[in-house]
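What follows is each chain in one-letter form.
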2 protein chains.
Amino acid sequence: MNPEIFENIIKFINQFVDFKEEELIALQNKIEIVQLKKNEIFIQEGEIADRIAFTNKGYLKVYYYHEGEEITRDITPLHSFATALPSFVSQTPSFEIISAITDCELITINKSDLEYLYSSFPKWERLGRRIIEEMFVESQRRIYSFITETAETRYKKLLKQYPDMIRDVPLKYIADFLGIKLQSLSRLRKSLEW
Amino acid sequence: MNPEIFENIIKFINQFVDFKEEELIALQNKIEIVQLKKNEIFIQEGEIADRIAFTNKGYLKVYYYHEGEEITRDITPLHSFATALPSFVSQTPSFEIISAITDCELITINKSDLEYLYSSFPKWERLGRRIIEEMFVESQRRIYSFITETAETRYKKLLKQYPDMIRDVPLKYIADFLGIKLQSLSRLRKSLEW
DNA sequence: ATAATAGTTTAACATTTGTTAAATAATATT
DNA sequence: AATATTATTTAACAAATGTTAAACTATTAT
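Being a predicted model, the structure only gives us computed values, none of them experimental.

Enquirer: Would you mind going over the nonpolar core in detail, with residue names and values included?
Expert: Ranked by size, the top nonpolar core spans 87 residues in total, and within it Trp124(A) and Trp124(B) carry the most contacts. Discounting residues that sit within four places of it in the chain, Trp124(A) has contacts with Ile13(A), Phe19(A), Glu23(A), Leu24(A), Leu27(A), Leu117(A) and Tyr118(A).

What follows is the structure, given as structure tokens:
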């Protein structure tokens, strides 16, 4: 297992748990590559999320409808995992929607195959736990930033951490992610011009 | 294993993974009960977090210093798990501090014992994953609330979900948790009086 | 190339939240 | 009981963000 396409996911996985070449074969058989065009939907509202995705290329957004308006909670950074977790873990209809902000290449695995890996190889269960721990820590960091930082600081940090994201993702979604309105972000950007 | 003291933690655990009486014995031997008086510290800044706690009684806060000021990111609800996760997972000095808002009774287990359970019994690793998944989902919910809701709505929901917490926890911490200043919370409470 | 659509900015005004400072209330300590 | 400490409220003013509506710009489809 090592065509170029798996380079990023292997690098990601090996941050958490050390897998040998052979062990990754079990994964390779379960994987499905999904190509999404911009605006195509990966997980639809009301549907049961049965796949988890690693973003090999492109950006996904996780959003839902709040008072008739679409609100983006998450923009998945390159080379990270995404799924509608509440739906995925409990196999209930998803209120979250996941779609492609840009053209995407996703490395996906479905729920039952993942459960199979978890049950058959403790190392995979460990990987699952380690990844979700990391996601949780990142989520907590974001909560801190909502509590202690102004929108301006949050924007500056995002700009620094993911300059490509701000180039490739419409500002509407960035604004949602930061927790402000598009117009406020625009004003804020203007004030930072000098 | 079933003195009254373990009732809540067993109930909590069994939501996620079904353990038999015997299987819980392995846990019982590893557990340490910690009693904290109000304001006592469970995990200190700079110290490596080597214990995880289940709050059997009382409320903990998770906070850190931001520009010289203490900011509470989390108030742990009754009967939930808490640790300074970034420190706990990587065994590096903690920037987060955890202390008792009220007198607390904690059921704790240390890192190496937990690792032992994880490695020896896949079911425990699964439990760890399921719990952290749930914590992550809750964390995401909170991010949604920062993005879409006003402080007033966040306060009302907290009041509804954890009425006891608002009775037992000083408003300063509630305000931090909601992402607003104490004075703003006070104003908001006044506006809700009628 | 032109028209349609999507993305971004601008501006005036409204609302929410922050800041500073003080007063009041509740609780803990001597 | 008196005093000190901690928690909460109040108020005036400042700053940040939201709202509404429109203009402008870039991109996509015909």
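Enquirer: Describe the layout of surface pockets, with residues and values.
Expert: Here the second largest pocket is characterised by a volume of approximately 370 Å³. Every residue lining the second largest pocket is counted, 19 residues in all, and those nearest its centre are Ile147(A), Thr148(A), Gly179(B), Ile180(B) and Lys181(B). Of all the elements in the fold, those that place two or more residues in the lining of the second largest pocket are helix H5 (122–148) of chain A together with strand E5 (69–75), helix H8 (171–178) and helix H9 (182–191) of chain B. In terms of residue class, the lining of the second largest pocket is made up of seven nonpolar, five polar and seven charged.

Enquirer: If you had to explain the relation of the copies chain B and chain A to someone new, which residues and values would you point to?
Expert: Laying chain B over chain A is done by rotating through 180° and shifting 0.0 Å along the axis; what remains is an RMSD of 0.0 Å. The superposition of one copy onto the other is thereby described by a two-fold rotation axis. Both copies share a contact surface, since 100% of the interface residues of chain B are interface residues in chain A too.

Enquirer: Explain helix H1 (residues 7–14) of chain B to me, using residue names and the numbers behind them.
Expert: Residues and elements named next belong to chain B. Within H1 the residues assigned to the buried category are Ile 9, Ile 10, Phe 12 and Ile 13. Angular distribution of buried residues about the axis of H1 spans 160°; they occupy a single face of the element. In the core, the buried residues of H1 are packed alongside helix H2 (21–28), strand E3 (51–57), strand E6 (81–82), strand E8 (104–110) and helix H5 (122–148).

Enquirer: Outline the packing of aromatic side chains, supporting the account with residue identities and numerical values.
Expert: If you walk through the whole model with that rule in mind, you get 19 aromatic pairs over all chains. Geometrically, the ring pair formed by Phe12(A) and Phe81(A) is edge-to-face, given 5.4 Å between the ring centres and 65° between the ring planes. Of the two residues, Phe12(A) sits in helix H1 (residues 7–14) while Phe81(A) sits in strand E6 (residues 81–82), which places them 69 residues apart along the sequence. Within the aromatic cluster, the residues linked to one another by ring pairs are Phe12(A), Phe16(A), Phe54(A) and Phe81(A). Above the face of the Phe177(B) ring, Arg142(B) is positioned so that its terminal group lies 3.7 Å from the ring centre.

Enquirer: Account for unusual backbone geometry, with residues named and values stated.
Expert: At His79(A), a position not held by glycine, the phi torsion is positive, near 60°. Summarising the element assignment, His79(A) is placed in the loop between strand E5 (69–75) and E6. For His79(A), a relative accessible area of 28% corresponds to the partly exposed category. With a phi angle near 50°, Gln91(B) is a residue other than glycine that sits in the positive phi range. With respect to the helices, strands and loops of the structure, Gln91(B) is situated in the loop between helix H3 (85–90) and strand E7 (97–100).

What counts and what doesn't
Residues numbered from 1 in each chain as written. Chains lettered and ligands numbered in written order. Predicted model: local features only at pLDDT ≥ 70, side-chain atom pairs only at ≥ 80, totals over all residues. Heavy atoms only, no water. Core = buried A, V, L, I, M, F, W, Y, C linked by side-chain atoms within 4.5 Å. Buried < 20%, exposed > 50% of the residue type's maximum accessible area, 1.4 Å probe, protein only. Contact = heavy atoms within 4.5 Å. 1 Å grid on protein atoms, 1.4 Å probe; cavity = no way out; pocket = protein on both sides within 12 Å on 5 of 7 lines; lining within 4 Å. Points joined across faces, edges and corners; volume = space filled by probe spheres on them. Helix = DSSP H or I, 4+ residues; strand = E, 2+ residues; numbered from the N terminus. Nonpolar A, V, L, I, M, F, W, Y, C, P; charged D, E, K, R; others polar. Least-squares fit on C-alpha atoms with pLDDT ≥ 70 in both. Arc of directions from axis to C-beta. Phe/Tyr/Trp six-rings, centres within 6.5 Å; stacked < 30°, edge-to-face > 60°. Lys NZ or Arg CZ within 6 Å of the ring centre and 35° of its normal.

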